[in-house]
Amino acid sequence: MTKSMQMQVEAINNGTVIDHIPANIGLKLLKLFNIQFVNQRVTIGFNLPSSALGCKDIIKVENVFINEEQANQLALYAPNATVNQIENYEVAKKLTLELPDQIHAIFRCPNSNCITHNEPVDSSFRVLTKKHDIQLKCKYCEKVFSREIVTEHP
Amino acid sequence: MVNSLYKKHIISIPELDRSQLESIVATAGMLKATPNPQLLKNKVIASCFFEPSTRTRLSFETAVQRLGGTVVGFDNDGNTSLAKKGETLSDSVQVISSYVDAFIMRHPQEGAARLASEFSNGVPIINGGDGANQHPTQTLLDLFSIFETQGRLDNINIAFVGDLKYGRTVHSLTQALSKFDNVSFYFISPEILAMPDYICEELDEAGISYSLHTSMEEVIPNLDILYMTRVQKERLDESEYVHMKAAYILTASMLTEARENLKILHPLPRIDEITVDVDKTQHAYYFQQAENGVYAREALLALVLNEQLSAGDTNND
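Basis of the calculations
Residues numbered from 1 in each chain as written. Chains lettered and ligands numbered in written order. Predicted model: local features only at pLDDT ≥ 70, side-chain atom pairs only at ≥ 80, totals over all residues. Heavy atoms only, no water. Helix = DSSP H or I, 4+ residues; strand = E, 2+ residues; numbered from the N terminus. Rg over C-alpha atoms; globule rule 2.2 N^0.38 Å. Buried < 20%, exposed > 50% of the residue type's maximum accessible area, 1.4 Å probe, protein only. Areas by Shrake-Rupley, 256 points an atom, 1.4 Å probe, with all protein chains shown as cover. Lys, Arg positive; Asp, Glu negative; His and termini not counted. Charge placed at Lys NZ, Arg CZ, Asp CG, Glu CD. Phe/Tyr/Trp six-rings, centres within 6.5 Å; stacked < 30°, edge-to-face > 60°. Lys NZ or Arg CZ within 6 Å of the ring centre and 35° of its normal. Axes fitted to C-alpha atoms, helices over the stretch in contact; angles between N-to-C directions. Parallel < 35°, antiparallel > 145°, perpendicular 65-115°, else oblique. Left-handed = near helix turned anticlockwise from the far one by under 90°. Contact = heavy atoms within 4.5 Å. Nonpolar A, V, L, I, M, F, W, Y, C, P; charged D, E, K, R; others polar. Pairing = 2+ DSSP bridges. Salt bridge = Lys/Arg side-chain N within 4 Å of Asp/Glu carboxyl O. Core = buried A, V, L, I, M, F, W, Y, C linked by side-chain atoms within 4.5 Å.

Caption draft 1: Structural view of the overall build of chain B. A count of helices and strands for chain B gives ten helices and nine strands. What you see for chain B is a C-alpha radius of gyration of 20 Å, in line with the 20 Å of a compact globule of 317 residues. Principal-axis analysis of the C-alpha atoms places the extent of chain B at approximately 55 × 50 × 40 Å. Looking at the 317 residues of chain B, the share that counts as buried comes to 56%. Within the structure as shown, chain B displays about 13000 Å² of accessible surface, and the carbon and sulfur contribution to it stands at 48%. Distance between charge centres in chain B, computed from 26 positive and 42 negative side chains, equals 7 Å.

Caption draft 2: Main features of the packing of aromatic side chains. All names here are of chain B. Taken as a whole, this structure holds eight aromatic pairs over all chains when the rule is applied. Their ring planes at 35° and their centres at 6.1 Å tell us that phenylalanine 160 and phenylalanine 187 sit as a pair that is tilted. One end of the pair, phenylalanine 160, is in strand β5 (residues 157-161); the other, phenylalanine 187, is in strand β6 (residues 184-188), and 27 residues separate them in sequence. Like phenylalanine 160, the residue phenylalanine 187 is buried in the burial classification. Among the aromatic side chains, those forming a connected cluster through ring pairs are Phe160, Phe185, Phe187, Tyr210 and Tyr227. The residue whose ring lies beneath arginine 297 is phenylalanine 60, and the NZ or CZ to ring-centre distance is 4.9 Å.

Caption draft 3: Region of interest: the packing of helix α6 (residues 136-150) of chain B against helix α7 (residues 168-177) of chain B. All names here are of chain B. Look at α6 against α7: their axes get within 9 Å of each other, and the N-to-C directions meet at 55°. Taken together, the axes of α6 and α7 lie oblique to each other. Here α6 runs over α7; the crossing is right-handed. Side by side, α6 and α7 meet where Gln138, Thr139, Asp142, Leu143 and Ile146 of the first sit next to Thr169, Ser172, Leu173, Ala176 and Leu177 of the second. Looking at side-chain class alone, the contact of α6 with α7 contains five nonpolar, four polar and one charged residues.

Caption draft 4: Broad picture of the sheet that holds strand β1 (residues 44-49) of chain B. Residues and elements named next belong to chain B. One open sheet holds the four strands; their spatial order is β2-β1-β3-β4, and the pairing between them is parallel. Single-partner strands in this sheet number two, and they are β2 (70-74) and β4 (125-130). Strand after strand, the sheet turns through a mean of 15° between neighbouring axes, direction not considered. Pairing of strand β3 (residues 102-107) with β4, which is carried by four bridges, proceeds in the parallel orientation. The partner of phenylalanine 103 across the bridge, within β4, is isoleucine 125.

Caption draft 5: Layout of the pattern of salt bridges. Residue and element names in this part refer to chain B. Per the stated rule, a full pass over the model turns up 17 salt bridges over all chains. Put simply, arginine 18 and aspartate 181 hold a salt bridge, and the shortest N to O gap is 3.7 Å. Of the two residues, arginine 18 sits in helix α1 (residues 18-33) while aspartate 181 sits in the loop between α7 and β6, which places them 163 residues apart along the sequence. Across the pair aspartate 75 and arginine 57 runs a salt bridge, and its minimum N-O distance is 3.7 Å.

Caption draft 6: The arrangement of the nonpolar core in detail. Formed by 58 residues in total, the largest nonpolar core has its most connected members in Ile146, Ile158, Phe160, Leu177 and Phe185 of chain B. Top contributing element to this core by residue count: helix α10 (residues 286-305) of chain B, with ten residues. Setting aside chain neighbours within four positions, we find phenylalanine 185 of chain B in contact with Ile158, Phe160, Thr174, Leu177, Ser178, Leu203, Ile208, Ser209, Tyr210 and Ser211 of chain B. Core analysis: the second largest hydrophobic core is formed by 55 residues, Ile66, Val127 and Phe145 of chain A together with Ile11 of chain B among them.

Bear in mind that shape data such as this cannot, by itself, settle questions of function.
Structure follows, in structure tokens:
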């Protein structure tokens, strides 16, 4: 990260920095982690210049340390994002993102006739990787969706 | 005999392995030859149809009663207090499953049977159809009919005709037959109703041969099984439908080159995709296939509800 960018998005003392998010995906990630971020100071930068991505988003959250399982949920949206845990303004731990085998209770099933919409159960998908495609298979209705269809479903 | 189906939920065909499928088919054959009204003696089976399906329900309920069990349930949830009071399916299943030994259900929404299996406290759920998703006992009766007429489930040449895109029976039967050796698939449909990519990909990955066609006549001489399905008018626009009707209707005159052993299957109801002159040929098997639904369901229930089921248990002496 360059010095000028650190000035664009203020450094944090303790917490988590999610960097190298593709531009326009930052807002979706914020929504995804909304509950964990309640009452914490969140600083965000959208459409920042990035040598690797051209344009990127960044999210910094004070006093919240997202765990590996949570970080892996990010991989669906932003496989190349980096997640750093910060302590005393220093990077204390870098989390590498790996696609999880299962995704629970994050996305609604895009199949409007899936039983999960009417019942007191969490959605659950198995993550399938075929060559470079990532697909999600609903545990209940057994339909298979491309990653984008599930992640962009309201 | 070790019975791996004992107390198992029967939700989806891909979860059944080859030996389980063979065991159901073999048991169905034995029960057809020699009825046994003891296998479900003192068992109470729920038959809960959250949407109507006359053939499936009567076939299941006949199967239970032929094995000496009794049935409780309903044939249309619109008439039940569950629907009127707006109870969730999960609550209904928790309550009803506490009354019974097994729970047969049909539901208009996909995933209903899987959900039920999480709320039935171990009481086996038998999926009688969940929306457009799975209908495993249809596949079991199809497999039994193939085995009964061909004497094998390996080395079968089978064509599926009609609506291969939306027809869950053809998807499930393809997945089931993929577990057997050297099965060749011929998919015959209008392009707009072709087999979904995910099924073709599964076949590719398993190295199973299949071919796509738009006419039946070119493949009929190669076939052991011709599996016809109904194309629903609403799936196509008017001009496509008229064109399709000509290409995907089976008549007796198209069977002159067929092998002796060719049998024609259809999940029924048929509308006009098989003309009635086919009924009189030696190849027609769809009505026997429907009858086999009782034996396949008997076999499944017998295996799910009896820990030990030996050949001796499937006869009367």
